[in-house]
Amino acid sequence: MTKVGLVLEGGAMRGMYTVGVLDILMDNNIEIDGIIGTSAGALFGPNYFSKQRKRALLYNKKYCGDKRFISLRSLFLTGNVVNRDFAYYRVTKELFPFDNDTFMNSGKDYYACATDVKTGKPEYFKITNIYEQLEELRASSAMPFASKMIDINGKKYLDGGISDSIPVEKMKSLGYDKIIVVLTQPFDYRKRPLSKKKRSLVKLKFRKYPEMVNVMFNRHNEYNSVIEKIIDMEAKKEIFVIRPSKKINIDIIEKNPNKLQAVYDLGVRDCKKIIKSLKNYLESK
C-alpha cells in the first residue's frame, strides 16, 4: 500500500502560504499518511489531521496586532517574541481550540523538527498529543535571537530550520513512497551567508555551543544543497513540490491581517493550479 508523506518548510509568517495549500489539499481529500513540519510548518501542519480548515489563518489574523500574541514587548518581557502562554497555550486550548481528539484518532504520524543546541543536529519529535506536547512544537519554531532555548527532557532546543529546513530526506528514511513538499520560497530563492555582523552575534550568543555556531554559519550551504536535491528529485518525479509562484514579502512580526490573507490566498491559488498534476503523481506507479 502506498504511503504518502507531506514535508512542510518553515518561514515564520510565510507559513500562511502553507495554510492555504493545506486547505486546498483538504478540500480535495488528499490522503496524507504522515507529516514532518519544521518551525512554522510544524505549527500549522497539525490542522490537517484535525481537519480544521483556515484555523491558523483566522487566529493569526485576529491576534497579529495583539501585544499578547507576538510582539517586541513580549520579547522584552519574556525572552520570546511569540508569547508562550497566550500564543501557544491560550489560543490552542481556549480561544481557537485545536481539535486534539480528531488529531489523536486520525491514526496518522506527525513529526516536528527541532535543533539540539548542544549537537547542532536535528531531532524529530513524534507528536501524538498536541495539548501535552506544545513545548515540542515551541522548540521547533523557537527562532535563535527571538526565543529562549526550550528545555525538553534536560536538552535544549531551538528552531528546526537551523539544522533541517526541509526534512525531505528524513521523510524518505521513514519509508514513504510518495512525498509532497510544500516550500515557502519561490523556485529561484537561495539563502545567503550570514553577514559579518550576524556571525559575530552568533559567536557571542552561542559561545558555549560551538556545534550550534558551526551549523548556523553553514546553514546557507546546507539549505541551498537541499534545494538543489529537491529540484533534481522533482525532475525525476520522485517527489511533488508546491512552491510560491512569486516572492512572499511579509514581516516576521506582521501586524497587517490583510497581508496574512494575501499570502494565504497565494497558497490557495497556487495549489488549485497544480492539484490535477498532484493527483496524477499520487496515482502513478
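Refer to the preceding data block for the structure.
Residues numbered from 1 in each chain as written. Predicted model: local features only at pLDDT ≥ 70, side-chain atom pairs only at ≥ 80, totals over all residues. Heavy atoms only, no water.

So, about the packing of helix H10 (residues 196-205) against helix H11 (residues 210-217). At a minimum axis separation of 9 Å, H10 and H11 run at an interaxial angle of 160 degrees. Regarding the angle of H10 to H11, the classification is roughly antiparallel. Remark: the crossing between H10 and H11 carries right-handed chirality. Side by side, H10 and H11 meet where Arg-199, Val-202 and Lys-203 of the first sit next to Val-213, Met-216 and Phe-217 of the second. Tallied by class, the residues present in the contact of H10 with H11 amount to four nonpolar, no polar and two charged. (Axes fitted to C-alpha atoms, helices over the stretch in contact; angles between N-to-C directions. Helix = DSSP H or I, 4+ residues; strand = E, 2+ residues; numbered from the N terminus. Parallel < 35°, antiparallel > 145°, perpendicular 65-115°, else oblique. Left-handed = near helix turned anticlockwise from the far one by under 90°. Contact = heavy atoms within 4.5 Å. Nonpolar A, V, L, I, M, F, W, Y, C, P; charged D, E, K, R; others polar.)

Let's shift gears to the pattern of salt bridges. Following the criterion strictly, the structure yields 15 salt bridges and no others. When the shortest N-O distance is used, the salt bridge between Glu-234 and Arg-243 registers 3.1 Å. Taking relative accessible area as the criterion, Glu-234 reaches 24% and is therefore assigned partly exposed. Members of the salt-bridge network, linked through shared partners, are Arg-84, Asp-85, Glu-135 and Arg-138. (Salt bridge = Lys/Arg side-chain N within 4 Å of Asp/Glu carboxyl O. Buried < 20%, exposed > 50% of the residue type's maximum accessible area, 1.4 Å probe, protein only.)

The next thing to look at is the side chain of Asp-164. Within the element layout of this structure, Asp-164 appears in the loop between strand E6 (155-159) and helix H9 (168-173). Within the local environment of Asp-164, its side chain forms a polar contact with the side chain of Tyr-124, the two groups lying 2.5 Å apart. When residues no more than four places from it in sequence are discounted, the contact partners of Asp-164 are Thr-38, Cys-113, Pro-122 and Tyr-124. (Polar contact = N/O pair within 3.5 Å; in protein donor to acceptor, adjacent residues only side chain to side chain.)

What follows covers helix H1 (residues 15-27). Compared with the 18 Å implied by 1.5 Å per residue over 13 residues, the 19 Å span of H1 between its first and last C-alpha is a close match. A large share of H1 lies buried, amounting to 12 of its 13 residues. All of the buried residues in H1 are Gly-15, Met-16, Tyr-17, Thr-18, Val-19, Gly-20, Val-21, Leu-22, Asp-23, Ile-24, Leu-25 and Met-26. With its phi angle positive at about 55 degrees, Asn-29 sits one or two positions after the end of H1. (Expected span 1.5 Å × (residues − 1).)

Right, let's get into empty space enclosed by the protein. Enumeration according to the criterion identifies three cavities of 30 Å³ or more in this entry. Within this model, the largest cavity holds a volume of roughly 80 Å³. What lines the largest cavity is simply Asn-80, Val-81, Val-82, Tyr-88, Arg-138, Ser-141, Ala-142, Met-143, Ala-146, Ser-147 and Ile-150. Tallied by class, residues from the lining of the largest cavity come to seven nonpolar, three polar and one charged. Empty space within the second largest cavity amounts to approximately 50 Å³. Considering the residues around the second largest cavity, the lining is formed by Val-19, Leu-22, Asp-23, Met-26, Phe-44, Asn-47, Tyr-48, Gln-52, Lys-54, Arg-55 and Ala-56. (1 Å grid on protein atoms, 1.4 Å probe; cavity = no way out; pocket = protein on both sides within 12 Å on 5 of 7 lines; lining within 4 Å. Points joined across faces, edges and corners; volume = space filled by probe spheres on them.)

This paragraph deals with the packing of aromatic side chains. Remark: the centre distance and the inter-plane angle together describe each pair of aromatic rings, the angle taken between the planes. Under the criterion given, the structure shown has 14 aromatic pairs. Aromatic rings pair up to connect Tyr-48, Phe-49, Phe-98, Phe-103 and Tyr-110 into one cluster. It is Lys-178 that lies over the ring of Tyr-281; its NZ or CZ is 4.5 Å from the centre. (Phe/Tyr/Trp six-rings, centres within 6.5 Å; stacked < 30°, edge-to-face > 60°. Lys NZ or Arg CZ within 6 Å of the ring centre and 35° of its normal.)

In this section: unusual backbone geometry. The bulk of non-glycine residues show a negative phi, and the bulk of peptide bonds are trans. In this structure, Asn-29 is a non-glycine residue whose phi angle is positive, near 55 degrees. In this structure, Asn-29 sits in the loop between H1 and strand E2 (34-38). For Asn-29, a relative accessible area of 67% puts it in the exposed group. At Asn-153, a position not held by glycine, the phi torsion is positive, near 55 degrees. For Asn-153, the location among the structural elements is in the loop between strand E5 (150-152) and E6. Residue Asn-153 is classed as exposed on the basis of its relative accessible area, which comes to 77%.

There is about 340 Å³ of room inside the second largest pocket. As for the second largest pocket, its lining consists of 19 residues, and the residues nearest its centre are Ser-163, Asp-164, Ser-165, Glu-222 and Val-226. For the lining of the second largest pocket, the secondary structure elements donating two or more residues are H9 and helix H12 (219-235). Ranked by residue count, the leading element in the lining of the second largest pocket is H12, at six residues. Grouping the amino acids of the lining of the second largest pocket by side-chain chemistry returns seven nonpolar, five polar and seven charged.

It is worth spelling out the side chain of Glu-9 at this point. Inspection of the secondary structure puts Glu-9 in the loop between strand E1 (4-8) and H1. Look at Glu-9: it is buried, it has no salt bridge, and the nearest opposite charge is Arg-14 at 4.7 Å. Here the side chain of Glu-9 touches Thr-184 through a polar contact of 2.8 Å, landing on its backbone nitrogen. Discounting chain neighbours no more than four positions away, the residues touching Glu-9 are Thr-18, Thr-38, Gly-41, Ser-165, Ile-166, Val-182, Leu-183, Thr-184, Gln-185 and Tyr-223. (Lys, Arg positive; Asp, Glu negative; His and termini not counted.)

In short, geometric facts, not functional conclusions.
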